[in-house]
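The lines below spell out each chain.
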2 protein chains.
Amino acid sequence: MRFLLKRFSFAVMKAGKITLSSIAADLNVSKTLVSLVLNGKADAAAINKETQQRVIARAKELNYKPNQVARGLRMGQTNTLGLLVADISNPFYARITRTIEHIAEAEGYSLIVCSSDESENREKHLIKMLLERQVDGIIMTTTMQQAEILKQIIPPHYPLVLFDRYLNGFDSHYVGVDNEQATQNAVKYLLDLGHRNIGFLTLTPGYISTLHDRQQGFLEAFKAYNLDIDTSHLLQVDYAKLKNKDYNQIKQFLAETPQITALFATNNNLALACLNAAMELGRRIPDELSLITFDDVECFQYTAPAISCIAQPLEKIGEVAVNLVLQQIKKEKTEPKKVVLQTKIIYRDSTCCKN
Amino acid sequence: MRFLLKRFSFAVMKAGKITLSSIAADLNVSKTLVSLVLNGKADAAAINKETQQRVIARAKELNYKPNQVARGLRMGQTNTLGLLVADISNPFYARITRTIEHIAEAEGYSLIVCSSDESENREKHLIKMLLERQVDGIIMTTTMQQAEILKQIIPPHYPLVLFDRYLNGFDSHYVGVDNEQATQNAVKYLLDLGHRNIGFLTLTPGYISTLHDRQQGFLEAFKAYNLDIDTSHLLQVDYAKLKNKDYNQIKQFLAETPQITALFATNNNLALACLNAAMELGRRIPDELSLITFDDVECFQYTAPAISCIAQPLEKIGEVAVNLVLQQIKKEKTEPKKVVLQTKIIYRDSTCCKN
DNA sequence: CTGAAAGCGCTAACAA
DNA sequence: TTGTTAGCGCTTTCAG
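Residues numbered from 1 in each chain as written. Chains lettered and ligands numbered in written order. Predicted model: local features only at pLDDT ≥ 70, side-chain atom pairs only at ≥ 80, totals over all residues. Heavy atoms only, no water.

Now for the overall build of chain A. Of the regular secondary structure elements, chain A holds 14 helices and 12 strands. Computed over the C-alpha atoms, the radius of gyration of chain A is 27 Å, more than 25% above the 20 Å expected from 2.2 N^0.38 for a compact globule of 355 residues. The buried share of chain A, taken over its 355 residues, is 52%. Element-wise, carbon and sulfur atoms account for 51% of the exposed surface of chain A, whose accessible area totals about 16,200 Å². (Helix = DSSP H or I, 4+ residues; strand = E, 2+ residues; numbered from the N terminus. Rg over C-alpha atoms; globule rule 2.2 N^0.38 Å. Buried < 20%, exposed > 50% of the residue type's maximum accessible area, 1.4 Å probe, protein only. Areas by Shrake-Rupley, 256 points an atom, 1.4 Å probe, with all protein chains shown as cover.)

Structure below.
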């Protein structure tokens, strides 16, 4: 009786739900059989061709969709990757995401995408979430200051790759560029153009490796030329304000340091902000003020003037990142690999000789 | 013996895995108890305060992370949303994604993000994938021409919202703007400036509702002014080529129709391409050629000249989209709602009177 | 106040 | 060649 009741309620409740069992019941075969056939393991199991056909036909007919959640639970693998960036609406990350998505998808992986918003707390929270969701690996830009939290939160041999930013004391796979060298080259280029009073615009939080290294590169360039740096030429802009299009900090800076003839911006948002500020202050670029920035975005070639910049190989970064994580998942254990890619200075119209 | 073997391998394999049962075993209580406590249902179940404390303490100590895949399977709900866009690297989608992500996250939902690449096949494939992954709802821009495929593939009352583009014959929730009206207004503005030979640049595939409606708006504007349209002023650019920065089609078009004094571009990529083509051909904007485009992206205010455009309320679109899908998930059943938001023409320097 | 047991949909040993 | 069964980790009746 109990049994019957169960069968009954099962049948009733499941109206419409097509599962392995429902197909099996329908065909009077076992779940195993259906599973084997639908996973292409039928031949290996030497299952009757004719039976195979019946199963396949019925599955198609019923529009069967395997429940990947159940599958994931059973197999201990979700075929999902976590992608954690600072801000998905930043073209820098959006373009890398695109590449990662494509490669991942080709390998059967989906992406759970999230933005940390440059907040350590959010990042911590999001990583936990990804881990709870049993993603098979994580690709991320960290905004952490200390390796500790990450070490605590991420299991020892978990498939992980940091990109763009590294974290001292956290020995994981990584892909990015040599920010210090790239910046140094760009600043030397400004120096070679005759500029001596060069402003350096960076962001909060300043401890982020890319920002830190770029600043280091800036200092190194001066040192290499035996030049002193006026620290009043360094400005750290508040990230939230920048996101909010509040450029007052920059305008004030430009107004207060009229001796500056060239500007180095540490990222694309900052460069656009400079353009805006200079425009409002009536400082002509490049005649009165040269500008060069880290990161290339499409529109830099169409701005007035076109903006000189340091371009990172975005596609390549995405490609390496996803491949590194996939390799770890496939247990191709390797030492944490650090991949450093080449940047390229793109000379456009926002930079010229000091006159 | 058999039993022992199993226990053994179990113990070995599970080394380190913290689960509900492992905690329960550890504490000599039942899984139920632990589950209840960890889900905040302990008080409702009137569980001993002291026991609760023990459970919570141990869970924290062991750094327990609930397996959301198991939870999802059991509860028939994954707290995951599918977001399907044409191209995540397009700032238009990236910015909407940002808003959606934030609201979804606040409600406890994660996002699986994917790009259809304007391919019907990819779209079909991705929707199937999302459904198999048991996402609780889907937010998408469709690139389908016919409603049929979507109807076949998506279950009748599945939580779904289309945004940006609608699909005739597919009666779902929707949020977007009045593309026809917006375009008509913008074109009338060009007409009012004295332009009569206006080029219209659109994309493949042309059947997409937004593109279609924009073209319709273009035609309507002329009709309203009792003006004839020279169909040689309409150009449909190949999407793949555009993505690929191959602007020859546009350059050729501009070269062959020198009588054109103003251009309407149906999206941001096209506008940038026009800028590029005009530059290479030495056609000065706006003096020789006015340009207005659908969609605003940040850099349009910094280009030379700054580009006039029709701005869509991106944040609002994202917000409405995610809320609509969340409502459906929460079974707040409503008739498929169509939300049409306001656009705004932003007048910048790329448009001027015909001289 | 607490526990046993069933079962979400699937895979994979093992049996037959 | 096919079926039985156990179990992935969790929630939730239902019994005590």
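With that settled, the discussion passes to the relation of the copies chain A and chain B. Each copy superposes on the other: chain A lies on chain B with an RMSD of 0.0 Å after a rotation of 180° and an axial shift of 0.0 Å. Such values leave the two copies arranged in the relation of a two-fold axis. The C-alpha atom lying nearest the rotation axis in chain A is that of A:T303; the distance is 1.8 Å. The overlap is high: 100% of the interface residues of chain A also sit at the interface in chain B, so the same surface is used on both sides. (Least-squares fit on C-alpha atoms with pLDDT ≥ 70 in both. Contact = heavy atoms within 4.5 Å.)

What follows is about the packing of helix α5 (residues 68-75) of chain A against helix α5 (residues 68-75) of chain B. The N-to-C vectors of α5(A) and α5(B) enclose an angle of 135°; their axes lie 9 Å apart at closest approach. Classified by the interaxial angle, the pair formed by α5(A) and α5(B) is oblique. Between α5(A) and α5(B) lies a crossing of left-handed hand. Listed contacts from α5(B) to A:V69, A:A70, A:G72 and A:L73 of α5(A) are B:V69, B:A70, B:G72 and B:L73. Residues that form the contact of α5(A) with α5(B) fall into these classes: six nonpolar, two polar and no charged. (Axes fitted to C-alpha atoms, helices over the stretch in contact; angles between N-to-C directions. Parallel < 35°, antiparallel > 145°, perpendicular 65-115°, else oblique. Left-handed = near helix turned anticlockwise from the far one by under 90°. Nonpolar A, V, L, I, M, F, W, Y, C, P; charged D, E, K, R; others polar.)

Residue and element names in this part refer to chain A. Each domain of chain A was delimited in the assignment, giving domain 1 (2-66), domain 2 (78-176 + 315-340) and domain 3 (179-312). Here the C-alpha centroids of domain 2 and domain 3 sit 28 Å apart. Facing the 15 residues of domain 2 at the interface are 15 residues of domain 3. Of the roughly 1,200 Å² buried where domain 2 meets domain 3, counting both sides, 48% is carbon and sulfur surface. (Domains from an automatic or database assignment. Buried area = accessible area lost by both parts, 1.4 Å probe.)

Scanning the model with the defined rule gives 41 salt bridges over all chains in all. The salt bridge partner of B:E288 is B:R284, with a shortest N-O separation of 3.9 Å. Residue class for B:R284 comes out partly exposed when judged on its relative accessible area of 49%. Overlapping salt bridges, with partners in common, bring together A:D87, A:D117, A:R122, A:K243, B:R98, B:E101 and B:E105 in one network. (Salt bridge = Lys/Arg side-chain N within 4 Å of Asp/Glu carboxyl O.)

Right, let's talk about α5(B) for a bit. Since the α-helix advances by 3.6 residues per turn, residues separated by three or four positions end up pointing in the same direction. If you check the start of α5(B), you find a side-chain oxygen 2.8 Å away from the backbone N of B:V69, and it comes from B:N67. Downstream of α5(B) by one or two residues, B:G76 has phi in the positive range, about 65°. (Polar contact = N/O pair within 3.5 Å; in protein donor to acceptor, adjacent residues only side chain to side chain.)

Tallied over the entire structure, the rule returns 14 aromatic pairs over all chains. Ring centres of B:F200 and B:F218 lie 4.7 Å apart, and the angle between their planes is 40°; on these two criteria the pair is classed as tilted. Of this pair, B:F200 sits in strand β6 (residues 198-203) while B:F218 sits in helix α10 (residues 209-224), and the two are 18 residues apart along the sequence. Each member of the pair B:F200 and B:F218 is classed as buried. Joined through ring pairs, the aromatic side chains of A:F200, A:F218, A:F222 and A:F264 make up one cluster. (Phe/Tyr/Trp six-rings, centres within 6.5 Å; stacked < 30°, edge-to-face > 60°.)

This part is about the environment of A:Q249. Residue and element names in this part refer to chain A. With respect to the helices and strands, Q249 occurs in helix α12 (residues 248-256). Judged by its relative accessible area of 24%, Q249 is partly exposed. Between the C-alpha atoms of Q249 and L281, which are 32 residues apart in sequence, the distance is 13 Å. The contact partners of Q249, leaving out residues within four places of it in the chain, are L235, Q236, V237, D238 and K241.

Residue and element names in this part refer to chain A. Taken in spatial order, the six strands line up as β7-β6-β8-β9-β10-β12 in an open sheet, and their pairing is mixed. Both edges of this open sheet fall to β7 (234-237) and β12 (344-346), since each of them pairs with a single strand only. Strand-to-strand twist across the sheet, computed as the mean angle between neighbouring axes with direction ignored, equals 20°. Of the pairings in the sheet, the one linking strand β10 (residues 308-311) to β12 comprises three bridges and is antiparallel in character. Bridging from a neighbouring strand, C309 pairs with I346 of β12. Against the sheet, helix α9 (residues 179-192) contacts β6 (198-203), β8 (262-265), β9 (290-294), β10 and β12, and its axis sits at roughly 170° relative to β9. (Pairing = 2+ DSSP bridges.)

Residue and element names in this part refer to chain A. Structurally, the position occupied by H233 is in the loop between α10 (209-224) and β7. Within the structure, H233 has its side chain in polar contact with the side chain of Q259 (distance 3.1 Å). Beyond its immediate sequence surroundings of up to four residues, H233 is in contact with N197, I198, G199, F200, F253, T257, Q259 and I260.

Before going further, it helps to examine the packing of helix α12 (residues 248-256) of chain B against helix α13 (residues 268-281) of chain B. Residues and elements named next belong to chain B. At a closest axis distance of 9 Å, the pairing of α12 and α13 adopts a crossing angle of 55°. Between α12 and α13, the interaxial angle falls into the category oblique. The handedness of the crossing between α12 and α13 is right-handed. Facing α12, whose interface residues are I250, K251, L254 and A255, α13 presents L270, A273, A277, A278, E280 and L281. The residue inventory of the contact of α12 with α13, partitioned by class, reads eight nonpolar, no polar and two charged.

All names here are of chain A. Locating Q145 in the fold gives a position in the loop between β3 (137-140) and α8 (147-153). On the accessibility criterion, Q145 (42% relative accessible area) is partly exposed. In this structure, the C-alpha to C-alpha distance between Q145 and S115, residues 30 residues apart in sequence, is 17 Å. Filtering out sequence-adjacent residues up to four positions away, Q145 remains in contact with E120, L167 and Y207.

Surrounding DNA strand D, one finds 30 residues, the nearest of these being A:T32, B:L20, B:K31, B:Y64 and B:R74. Here the atoms of DNA strand D within 4 Å of the protein split so that 60% fall in sugar or phosphate, with bases taking the remainder. The contact in question runs from a phosphate oxygen of DNA strand D to an N or O atom on the side chain of A:T51, over 3.1 Å. Of all the secondary structure elements, the ones that give two or more residues to the surface near DNA strand D are α3 (31-38) and α5 of chain A together with α1 (2-13), α3 (31-38) and α5 of chain B. Sort the elements by how many residues they give to the surface near DNA strand D and α5(B) lands first, with four residues. (Near = heavy atom within 4 Å.)

Moving on, we get to the interface of chain A and chain B. Of the residues lining the interface, 57 residues belong to chain A; the matching set on chain B comes to 57 residues. Three residues, A:R98, A:R133 and A:Y302, lead the burial of chain A against chain B; their summed loss comes to 16% of the area buried on that side. Applying the counting rule to chain A against chain B returns 10 salt bridges. When the shortest N-O distance is used, the salt bridge between A:E105 and B:R122 registers 2.8 Å. Between the two partners, chain A and chain B, sit 32 residue pairs in polar contact (both at pLDDT 80 or more). If you list the elements that add at least two residues to the side of chain A that touches chain B, you get α5, α6 (91-106), β2 (110-115), α7 (120-132), α8 and α13 (268-281) of chain A. Taken together, the residues of the side of chain A that touches chain B break down into 22 nonpolar, 20 polar and 15 charged.

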